[in-house]
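# Observations on the three-dimensional arrangement
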Amino acid sequence: MTRLHKVPVIVGLFGLLACAVLLELAVNFGWVMEIIVPRPTDTVLSFPSLQEDMDLVGNFFVTLGMTAAATALALLIGLPFGYFLYRREAYGVAYEGWLAAAFSTPIVLLYPLFLVIFGRNHMTLIVMGCIPGAIPIAIQTRQGLLGVSKTLLNVGRSFNVSERDMFRKIMLPSAVPTIFTGIRIGVMYTLVNIVAIEYLIDFGGLGRIVSQMYDNFSIPETYAAIVAVILVSTFFYWGFGRVEKWLRPV
Amino acid sequence: MAQAGVIKGTVPAVSSAERSFDGRVSRIRLLTCVGLIALWEVVATLGSYGILYNDVVPHIWHIVIAVFYELISASFYRDFGMTFAAHSVGFISGASIAVLVGIWLGTSKLIREAMLPYLNAIGSTPKIIFLPIIFLMFGVGIESKMAKGAMSAFFPVVFTTTLGMMLINPVLIRVGRTFNLNKWQMITKIYMPAMVNPVITGFRLGVAITVIGVLVAELKFADGGLGYRLGIYYEQFQIAPMYAVIVLIFALAAAANSGMTKLQDRVNRHMAPTTSKGKKARASASGGLGVVN
Amino acid sequence: DKVRLVNSTKVVFETEHPYTGLEEGIFKKHNLDVSVIHGSGGAASLQAVITGSQDVVWGNGVLGVVSAYAKGAPVRILGSNIRGVQDLYWYVKPESPIKSFKDLNGKQMAYSRPGSTTDLAARFIAEAQNIKPKFVSVGGPSGSRTQLMSGQVDSGWSVYPLNKNLLREGKIRIIGTGKEASGLNGVTIRVIAANVNWLNKNRDVAKRLMTAFKESVDMTYSNTKRLETYAKRWKLNFEDVKDAAKDTPQSIATILPIAGLDKINEIALANKKIKKLLTAAQLKELVHPMGNKP
Amino acid sequence: MADILEIKNVSKTYNADGDSPVKALDGVDLNIAEGEFVSIIGPSGCGKSTLFNIIGGLIDDHDGEVLIDGHEVDGAHKDVGVVFQEESTFPWRSTLDNVAFPLEIEGIDKAEREETARKFIKLVGLEGFENHFPAQLSGGMKQRTAVARTLAYEPRIMLMDEPFGALDEQTRMLLGDKMLEIWAALNQTMLLITHNITEAVQLSDRVVVMSYRPGIIKEIIPIELPRPRTSEVIATAEFGTYVGKLWTLLREEASRGMAEAEASIAAT
Amino acid sequence: MADILEIKNVSKTYNADGDSPVKALDGVDLNIAEGEFVSIIGPSGCGKSTLFNIIGGLIDDHDGEVLIDGHEVDGAHKDVGVVFQEESTFPWRSTLDNVAFPLEIEGIDKAEREETARKFIKLVGLEGFENHFPAQLSGGMKQRTAVARTLAYEPRIMLMDEPFGALDEQTRMLLGDKMLEIWAALNQTMLLITHNITEAVQLSDRVVVMSYRPGIIKEIIPIELPRPRTSEVIATAEFGTYVGKLWTLLREEASRGMAEAEASIAAT
Ligand SMILES: Nc1ncnc2c1ncn2[C@@H]1O[C@H](COP(=O)(O)OP(=O)(O)OP(=O)(O)O)[C@@H](O)[C@H]1O
Ligand SMILES: Nc1ncnc2c1ncn2[C@@H]1O[C@H](COP(=O)(O)OP(=O)(O)OP(=O)(O)O)[C@@H](O)[C@H]1O
Ligand SMILES: [Mg+2]
Ligand SMILES: [Mg+2]
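Residues numbered from 1 in each chain as written. Chains lettered and ligands numbered in written order. Predicted model: local features only at pLDDT ≥ 70, side-chain atom pairs only at ≥ 80, totals over all residues. Heavy atoms only, no water.

### Topic: the side chain of serine 144 of chain C
Residue and element names in this part refer to chain C. The condition that has to hold: A run of DSSP states H or I qualifies as a helix once it reaches four residues; a run of E qualifies as a strand once it reaches two. Both are numbered from the N-terminal end. For each residue, the accessible area found with a 1.4 Å probe, counting protein chains only, is set against the maximum for its type, and the residue is called buried under 20%, exposed over 50%, and partly exposed in between. For this analysis, residues touch if any pair of their heavy atoms sits within 4.5 Å.
With respect to the helices and strands, serine 144 occurs in helix α6 (residues 141-149). Residue serine 144 is classed as buried on the basis of its relative accessible area of 0%. Ignoring anything within four residues of it in the chain, the contact list for serine 144 reads Tyr91, Ala110, Val138, Gly156 and Trp157.

### Comments concerning the interface of chain B and chain A
Keep this limit in mind: Within this document, salt bridges are pairs made up of a side-chain nitrogen of Lys or Arg and a carboxyl oxygen of Asp or Glu, the two lying within 4 Å of each other. N or O atoms within 3.5 Å of each other form a polar contact, as long as, within protein, one can give a hydrogen and the other can take it, and as long as residues adjacent in sequence are counted only when both atoms are side-chain atoms. Each residue is assigned to one class: nonpolar for Ala, Val, Leu, Ile, Met, Phe, Trp, Tyr, Cys and Pro, charged for Asp, Glu, Lys and Arg, and polar for all the others, Gly among them.
Counting residues at the interface gives 60 residues for chain B and 64 residues for chain A. Here chain B is connected to chain A by zero salt bridges. Where chain B touches chain A, the interface holds four residue pairs in polar contact (both at pLDDT 80 or more). Residues that form the side of chain B that touches chain A fall into these classes: 45 nonpolar, ten polar and five charged.

### Observations regarding the site of ligand 2
All names here are of chain E. Filter applied, for reference: A molecule or strand has a residue near it when one of that residue's heavy atoms lies within 4 Å. For the accessible areas, the method is Shrake-Rupley and the probe is 1.4 Å, while residue cover comes only from the protein chains on display.
Around ligand 2, the surrounding shell holds 15 residues, and the nearest of these are Ser44, Lys48, Ser49, Thr50 and Arg213. Within the backbone of glycine 45, one N or O atom sits 2.8 Å away from an oxygen atom of ligand 2. Burial of ligand 2 by the protein chains amounts to 65% of its free accessible area of 640 Å². Listing elements by their share of the shell around ligand 2, those giving two or more residues are β2 (22-33) and α1 (48-55). Top element by residues in the shell around ligand 2 is α1. It accounts for three residues.

### Thoughts on the coordination of the magnesium ion (ligand 4)
Residues and elements named next belong to chain E. The following threshold applies: As a rule, N, O and S atoms within 2.8 Å of a metal are its donors, except that Na, K and Ca use 3.2 Å; water is not among the atoms, so sites may look incomplete.
Within the protein, the atoms that donate to the magnesium ion (ligand 4) are Ser49 (OG) and Gln85 (OE1), at distances of 1.8 to 2.6 Å. Of the two residues, serine 49 is situated in helix α1 and glutamine 85 in the loop between β6 (80-83) and α2 (95-105); the sequence distance between them amounts to 36 residues. For serine 49, a relative accessible area of 26% puts it in the partly exposed group.

### Comments concerning the site of ligand 1
Residues and elements named next belong to chain D. The local shell around ligand 1 holds 15 residues, among which Ser44, Lys48, Ser49, Thr50 and Arg213 are the closest. In this structure, histidine 195 approaches ligand 1 through a side-chain N or O atom, which is 3.2 Å from an oxygen atom. In isolation ligand 1 offers 630 Å² of accessible surface; the protein chains occlude 73% of this area. Those elements that provide at least two residues to the shell around ligand 1 are β2 (22-33) and α1 (48-55). For the shell around ligand 1, the element with the highest residue contribution is α1, accounting for three residues.

### Here's the deal with the nonpolar core
For clarity, the cut-off: In plain words, nonpolar cores are sets of buried Ala, Val, Leu, Ile, Met, Phe, Trp, Tyr and Cys residues tied together by side-chain atoms within 4.5 Å.
In this structure, Val75, Trp90 and Phe213 of chain C, Leu5 of chain D together with Leu5 of chain E are the most contacted members of the largest nonpolar core, which totals 322 residues. Counting residues per element, this core draws most heavily on helix α8 (residues 163-201) of chain A, which supplies 19 residues. Excluding its chain neighbours within four sequence positions, the residues that come into contact with valine 75 of chain C are Leu46, Ile50, Val65, Ala68, Tyr69, Ala193, Ala194, Val196 and Leu286 of chain C. Listed in part, the 42 residues of the second largest apolar core include Val201 and Leu246 of chain D together with Ile221 and Tyr242 of chain E.

### Things to note about the coordination of the magnesium ion (ligand 3)
In the first shell of the magnesium ion (ligand 3), the protein supplies Ser49 of chain D (OG) and Gln85 of chain D (OE1), at 1.9 to 2.5 Å from the metal. The partly exposed category is assigned to glutamine 85 of chain D, whose relative accessible area is 32%.

### Regarding the environment of glycine 139 of chain D
Residue and element names in this part refer to chain D. Position of glycine 139 among the secondary structure elements: in helix α4 (residues 139-152). Given a relative accessible area of 28%, glycine 139 falls into the partly exposed group. C-alpha separation for the pair glycine 139 and valine 99, spaced 40 residues apart in sequence, amounts to 16 Å.

### Some words on the packing of helix α3 (residues 56-87) of chain A against helix α10 (residues 219-247) of chain A
Residues and elements named next belong to chain A. Going by this rule: Note on geometry: axes are lines fitted to C-alpha atoms, helical ones only across the stretch in contact, with angles between N-to-C directions running from 0 to 180 degrees. An angle counts as roughly parallel when it lies under 35 degrees, as roughly antiparallel when it exceeds 145, as roughly perpendicular when it falls between 65 and 115, and as oblique in every other case. Put simply, a crossing is left-handed when the front helix is turned counterclockwise from the back one by less than a right angle, and right-handed when it is turned clockwise.
As a packed pair, α3 and α10 sit with axes 11 Å apart at the nearest point and diverge in direction by 40°. Between α3 and α10, the interaxial angle falls into the category oblique. Between α3 and α10 lies a crossing of right-handed hand. Where α3 abuts α10, its residues Leu56, Phe60, Leu64 and Thr67 lie against Ala228, Val232, Phe235 and Phe236. Class assignment of the residues belonging to the contact of α3 with α10 gives a composition of seven nonpolar, one polar and no charged.

### Comments concerning the domain arrangement of chain A
All names here are of chain A. Put simply, the rule reads: Throughout, the edges of the domains are those of an automatic or database domain assignment. Buried area: the accessible surface (1.4 Å probe) lost by two parts on joining, summed over both.
By the assigned domains, chain A splits into domain 1 (1-37) and domain 2 (39-247). Computed over C-alpha atoms, the centres of domain 1 and domain 2 are 31 Å apart. Opposite the nine residues of domain 1 that make contact, domain 2 presents six residues. In total, about 690 Å² of surface goes out of reach between domain 1 and domain 2, with carbon and sulfur atoms giving 52% of it. The largest per-residue losses of area from domain 1 upon contact with domain 2 belong to Glu24, Glu34 and Ile35, which jointly make up 54% of the total buried on that side. Run the count over domain 1 and domain 2 and you get zero salt bridges. At the junction of domain 1 and domain 2, the tally comes to one residue pair in polar contact (both at pLDDT 80 or more).

### Concerning helix α5 (residues 111-118) of chain A
Burial within α5 of chain A is extensive, with six of its eight residues counted as buried. Buried within α5 of chain A are the following residues: Tyr111, Pro112, Leu113, Phe114, Leu115 and Val116 of chain A. The elements touched by buried residues of α5 of chain A are α6 (122-146) and α8 of chain A, α9 (183-220), α10 (226-235) and α11 (239-268) of chain B together with α6 of chain C. Positioned one or two residues after α5 of chain A, glycine 119 of chain A has a phi angle of 85°, which is positive.

### A word on the sheet that holds strand β9 (residues 173-177) of chain C
Residue and element names in this part refer to chain C. As a reminder, the rule being used: If DSSP finds at least two bridges between two strands, the strands pair.
Pairing is antiparallel across the open sheet formed by three strands, whose spatial order is β8-β5-β9. Every interior strand has two partners, whereas the edge strands, β8 (156-159) and β9, have only one. The mean angle between the axes of side-by-side strands here comes to 35°, regardless of whether they run parallel or antiparallel. Bridging between strand β5 (residues 88-92) and β9 involves four bridges; their strand directions are antiparallel. Bridged to tyrosine 91 within β9 is isoleucine 174. Of the strands in this sheet, β5 and β8 are in contact with α6, which crosses β8 at around 145°.

### Concerning the pattern of salt bridges
Across all of its chains, the model carries 68 salt bridges over all chains by this definition. Between lysine 169 of chain A and glutamate 104 of chain D there is a salt bridge, and its shortest N-O distance comes to 2.4 Å. Of this pair, lysine 169 of chain A sits in helix α8 while glutamate 104 of chain D sits in helix α2 (residues 95-105), placing the two residues on different chains.

### Observations concerning the sheet that holds strand β10 (residues 188-195) of chain C
All names here are of chain C. Sheet architecture is open: five strands sit in the order β2-β1-β3-β10-β4, paired in mixed fashion. The sheet is open, and its two borders are formed by β2 (33-38) and β4 (75-83), each paired with just one other strand. Neighbour-to-neighbour, the strand axes of the sheet open up by a mean angle of 25°, direction not taken into account. Pairing analysis gives seven bridges linking β4 to β10, with the strands arranged antiparallel.

### With respect to a nonpolar patch on the surface
Residues and elements named next belong to chain A. Quick reminder of the rule: Exposure above 30% relative accessible area and the lack of any salt bridge qualify a residue for a patch; like charges then connect within 9 Å, and the nonpolar side chains Val, Leu, Ile, Met, Phe, Trp and Tyr within 5 Å.
Among the surface-exposed residues, Leu17, Val21, Leu25, Phe29 and Trp31 lie close enough to one another that they form a single nonpolar patch of about 590 Å² accessible area. The topology assignment puts tryptophan 31 in the loop between α1 (2-28) and α2 (40-54). According to the relative accessible area criterion, tryptophan 31 is exposed, its value standing at 64%.

### Quick look at the packing of α2 of chain E against helix α3 (residues 110-123) of chain E
Residue and element names in this part refer to chain E. Orientation of α2 relative to α3, taken along the N-to-C sense of each, is 120°, at an axis distance of 8 Å. Classified by the angle their axes make, α2 and α3 are oblique. The hand of the α2/α3 crossing is right-handed. Between α2 and α3, the residues in contact are Thr95, Leu96, Asp97, Val99, Ala100, Leu103 and Glu104 and Arg113, Glu114, Thr116, Ala117, Arg118, Phe120 and Ile121, respectively. Considered class by class, the residues forming the contact of α2 with α3 number seven nonpolar, two polar and five charged.

### Here's the deal with unusual backbone geometry
Proline 161 of chain C follows tyrosine 160 of chain C through a cis peptide bond whose omega is 0°. Within the element layout of this structure, proline 161 of chain C appears in the loop between β8 and α7 (164-168). Along the chain, arginine 213 of chain D connects to proline 214 of chain D via a cis peptide bond; the corresponding omega equals -10°. Phi at asparagine 9 of chain D is positive, roughly 50°, even though this residue is not glycine. Along the chain, the position of asparagine 9 of chain D falls in strand β1 (residues 3-14). Even without being glycine, glutamate 162 of chain E reaches a positive phi, approximately 40°. Summarising the element assignment, glutamate 162 of chain E is placed in the loop between β7 (157-161) and α5 (169-186).

What follows is the structure, given as structure tokens:
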């Protein structure tokens with residue numbers, strides 16, 4: 001069984017490796033300009049110098065830390081707001097369409113405004129990161145609480161459960177999976193916005209490194225930094241899957 | 001209280017009560033708008049007295065006038081046209097490739113499991129970070145915006161299509177087999193109609209995300225398009241026109257989103273969940289997460 | 001003959017010259033069909049040339065070109081676009097105690113982004129003035145302006161003619177210009193560069209293009225009507241551009257021979273733009289004056 | 001035996017002041033003695049669940065009254081334990097924690113409530129599944145978990161709304177045996193709502209037949225089969241007679257119900 | 001009457017070369033005559049759906065053979081129409097388009113296929129719902145749509161896997177009457193798989209009782225109730241006798257099935 005499970009992983013890795021080798025050959029034969037696509041080996045080999053010149057690992061943690069801070073802020077805003085929208089039905093109905101619309105707009109374009117208010121510092125990145133994160137959290141919190149099964153609420157009522165226990169022991173646990181979906185989307189959007197703004201304004205962690213390496217025509221380093229960003233997002237994606245599994249074992 | 005409210009809420013409300021509820025909703029919306037505008041104006045006014053940041057929060061009427069000037073200027077339509085062209089071409093090409101790949105991933109378990117980790121990794125990475133590569137490969141003209149748009153559109157659509165394929169109710173496929181459908185009939189009569197809903201969801205997300213993708217590329221490097229226009233205004237510190245462009249972009253994005261939502265509702269009007277096991281393809285929620293920027 | 005030109009920045013006075021060529025029929029006279037697009041600083045404009053999606057870049061930072069060339073990019077310099085960094089200036093709020101660069105010792109001095117021309121200029125100014133400011137990366141002129149005005153930094157940077165309206169209205173006060181970066185005076189800072197493959201195939205076109213550029217620059221400087229079109233193009237107040245010819249004098253902005261390349265070579269090394277100094281042969285190969293073979 | 005539960009002239013109209021009022025129940029009168037096993041049977045949509053909700057105190061805007069021990073009931077009553085038609089176990093709790101839930105609410109300490117819960121888990125035949133989660137269990141096991149949870153509340157009256165309605169007939173008959181065992185062990189009053197004639201006859205002392213909308217009591221049939229019973233009783237001739245009698249009563253109602261329900265769909 | 005369908009020594013093991021093979025069927029032999037109505041009954045998990053899939057040609061890696069008119073079947077066969085246990089209507093098609101589906105596949109033109117479809121819609125009692133979509137219909141109506149769709153294929157053998165398993169008993173009995181009507185009208189061979197004893201006796205000429213895993217045929221009971229029948233037959237004494245006989249046969253299998261299924265859950 002376990003052996004069977006590994007087959008796709010091996011196929012995937014093999015495919016990746018094959019692509020890399022093909023690319024390497026393509027560059028070597030001059031089919032692809034080296035200044036456009038570097039050799040995969042060069043990309044890998046550029047990690048040490050990237051670390052030395054730009055402190056890749058340090059900046060990895062800068063981006064990671066800001067994402068964590070922005071996510072915390074997004075939770076702080078999104079969860080209570082979602083709860084409020086649930087409690088006040090009229091507000092919920094009034095705002096749900098707006099929130100969905102806002103979620104589909106390029107909030108990132110507002111960065112000049114935030115640069116102006118918070119300055120060119122980490123605060124701007126955190127605040128801008130938290131807005132697109134808070135929206136799905138609020139939406140999903142409301143949805144989760146609204147979606148609590150009527151039967152389960154009736155079970156609570158039939159046992160004369162107090163209002164407080166009703167919330168703690170029935171509504172909250174049943175809403176958790178939905179809320180968590182919101183949190184996961186929120187984290188990904190937060191990360192995306194933070195990296196996007198880092199890249200746009202040349203400030204902060206990994207996004208800035210990509211921008212700077214590109215400005216320096218250090219193409220292998222640019223690719224290496226991009227790989228680092230992919231690693232961060234994978235880390236969050238995977239990490240949240242883990243946390244979710246841990247919270248709801250079945 | 002809360003739970004009683006929910007339970008009673010499911011009983012079809014009396015129409016007069018319904019009307020008064022609608023009234024409250026509109027009132028809340030109106031008040032929120034007024035409140036936000038008032039807040040903005042307070043900040044703007046303080047700004048012109050030099051109390052807060054100078055100039056960056058212009059008065060609403062300045063923005064309204066700027067919107068008006070944008071709307072009557074020919075160059076706005078030129079920029080809009082470029083963005084629109086980049087968006088359309090990018091979205092259509094990205095989404096079509098994604099549908100094909102999605103179908104492929106949906107049918108082959110091995111390929112799916114082999115590729116999904118990588119797709120997820122790239123799908124959840126901010127696509128803006130690939131801009132250098134795109135500029136390198138596609139140059140800096142509109143082609144790069146199209147490529148960026150295609151890349152942005154690809155991921156939500158590929159995820160929802162794959163999900164849609166996987167969630168097709170297997171009994172419907174068996175029905176097809178019992179009626180001896182050939183491969184082509186299987187695709188056109190069963191797979192495609194059964195997947196319309198999740199794929200449309202992917203399209204809806206994709207349209208929104210392609211807007212962001214194209215604009216950001218234009219912001220970084222372009223010779224036209226709304227993102228470029230925005231960038232110029234910002235660089236020249238023409239703040240009111242900058243907000244005007246942002247307002248217009250937001251309005252267009254919201255309009256595109258509501259258009260897609262309407263389309264989705266139309267497609268779904270007869271539909272109970274098309275998927276098996278009651279698992280609704282809630283692509284807008286879970287499938288949507290790989291789709292960012 | 002078709003030429004795809006990328007103007008590496010926007011708004012600043014230099015960007016006007018290709019338009020003069022275009023709108024006054026100078027390119028046409030030389031049988032050139034030039035299309036112009038804009039970058040916004042940074043490396044993207046040069047990338048466009050390197051990848052061959054554009055043929056010639058106007059006003060690219062010389063460090064970028066040197067750096068790209070050192071990494072094997074197919075790019076060659078055709079001519080100097082501007083020498084020195086005279087068009088940059090630093091300013092403060094009127095009530096600020098800072099009167100000149102000297103007062104910036106220990107204070108914040110703005111520049112745009114690490115490795116940019118403003119970065120370079122700020123360091124050379126500090127060196128020339130023998131001061132030790134705290135360098136702050138603030139982004140472009142707009143970012144600089146808002147951060148200065150909202151009190152986040154002690155001084156801001158700008159480039160003519162941006163923010164001149166504030167100057168005119170007395171809302172800011174200049175404390176010095178890039179002239180004081182004495183180490184950079186006379187050194188070529190921005191260049192016209194071309195893709196070498198294009199160049200080798202279209203050497204004749206390149207030569208004509210350079211001649212047309214020269215004529216265009218002369219025309220811009222001699223014709224006030226050009227100032228008006230310039231102001232209109234970027235929605236600038238005419239008041240702010242009428243001194244453009246003084247702010248960026250023709251003496252540094254004409255199509256001049258490349259100067260101070262050795263110095264650039266050293267600066268590039270010091271800024272990690274290149275890994276080792278370019279050899280004399282390489283420097284020679286890099287420059288194709290006026291489109292002619294080196 | 002005294003009547004533990006009295007239902008007096010209970011009526012309920014949904015959407016009473018709206019556009020399309022639905023008269024679900026009309027003047028239902030029913031007395032149930034302590035320790036009795038009564039089933040209520042009727043076609044789909046006849047108001048069974050409505051009556052269930054009223055007795056359980058989950059609907060309160062009805063006419064008529066429900067008395068327990070002669071006292072009017074208002075809201076959920078400690079003496080009435082309810083088991084729902086739908087799946088109602090908490091998916092985030094293990095079987096043990098599900099069953100211990102009412103005790104947890106009452107503030108009983110962990111060790112004690114787990115002991116009690118185990119007792120009832122054993123009673124419904126789920127020993128060994130204490131640490132399984134509902135998603136791991138079959139439909140029948142989930143419903144038994146719900147039954148155990150209600151039993152743990154130790155109500156005097158068990159009120160069940162088609163607890164095994166979603167299960168196949170054979171499993172349901174076997175679980176019927178289980179219910180009879182539980183009833184014998186705990187001596188509670190049982191009020192079972194069902195669709196299923198076999199189940200009703202197999203378990204009950206009396207079967208209450210309801211008519212289709214508005215739900216009124218059409219007839220009450222006493223089932224005089226010997227106790228203790230198991231599902232083996234199904235094979236007897238008397239059993240068949242009762243089934244036949246009930247189907248004769250129900251067939252007309254069920255046909256009318258189906259026809260009316262379809263007519264209302266056709267109107268949409 | 002000749003045997004239209006012969007099932008010869010059919011066996012099927014799932015996961016045969018895996019870690020935990022499941023022997024679902026073991027040497028099933030069954031002959032069905034043209035025009036006969038046969039039900040197969042057995043506890044949950046005994047292999048009924050497996051047998052159904054084998055006869056319908058949806059599983060082909062089994063042992064033994066299935067013959068129609070003496071010819072071995074390989075894959076789905078034009079003469080066999082199947083109705084599934086699960087809901088299987090196409091949610092994106094109206095009732096009319098659902099029923100016309102097999103005709104559309106055969107390339108019959110629109111006017112003609114709609115006429116045929118309407119005929120079968122009428123036969124299953126869904127007149128007036130031609131333009132409704134499945135989401136608007138009740139469960140029973142959706143299953144009748146599926147039945148009509150299969151009928152429109154005009155198979156000689158109707159093979160149905162608990163088509164009304166998800167419905168309540170009373171509705172199912174009423175739909176049983178409908179099936180009898182259809183059978184009388186079309187004279188097809190009917191092979192019905194069911195859980196439900198009442199349904200099996202109500203409809204069939206013969207009831208095949210299967211044992212729990214591995215599924216083998218335990219006994220075949222001929223039902224000698226007079227034809228034509230309706231669900232009123234349920235009220236007769238003979239009916240009760242058949243039910244009793246079947247329950248006696250099934251009870252043991254059902255108990256064993258439940259016990260084994262639970263044991264396998266406990267092991268997880
Ligand atoms: N909240 C409600 N609002 C309006 N009508 C309702 C509501 N709940 C039930 N009804 C209607 O009242 C009638 C009785 O419903 P009820 O649920 O009590 O039936 P039931 O006998 O339990 O049916 P089933 O056997 O299908 O569970 C039905 O016709 C139903 O449509
Ligand atoms: N694809 C499969 N892989 C492995 N085992 C299977 C598979 N399908 C069915 N089984 C097993 O084979 C046995 C028979 O299954 P089948 O679905 O035929 O039973 P059934 O009689 O139709 O049950 P039900 O009445 O619940 O529909 C069951 O024990 C089941 O667990
Ligand atoms: Mg009910
Ligand atoms: Mg089955």
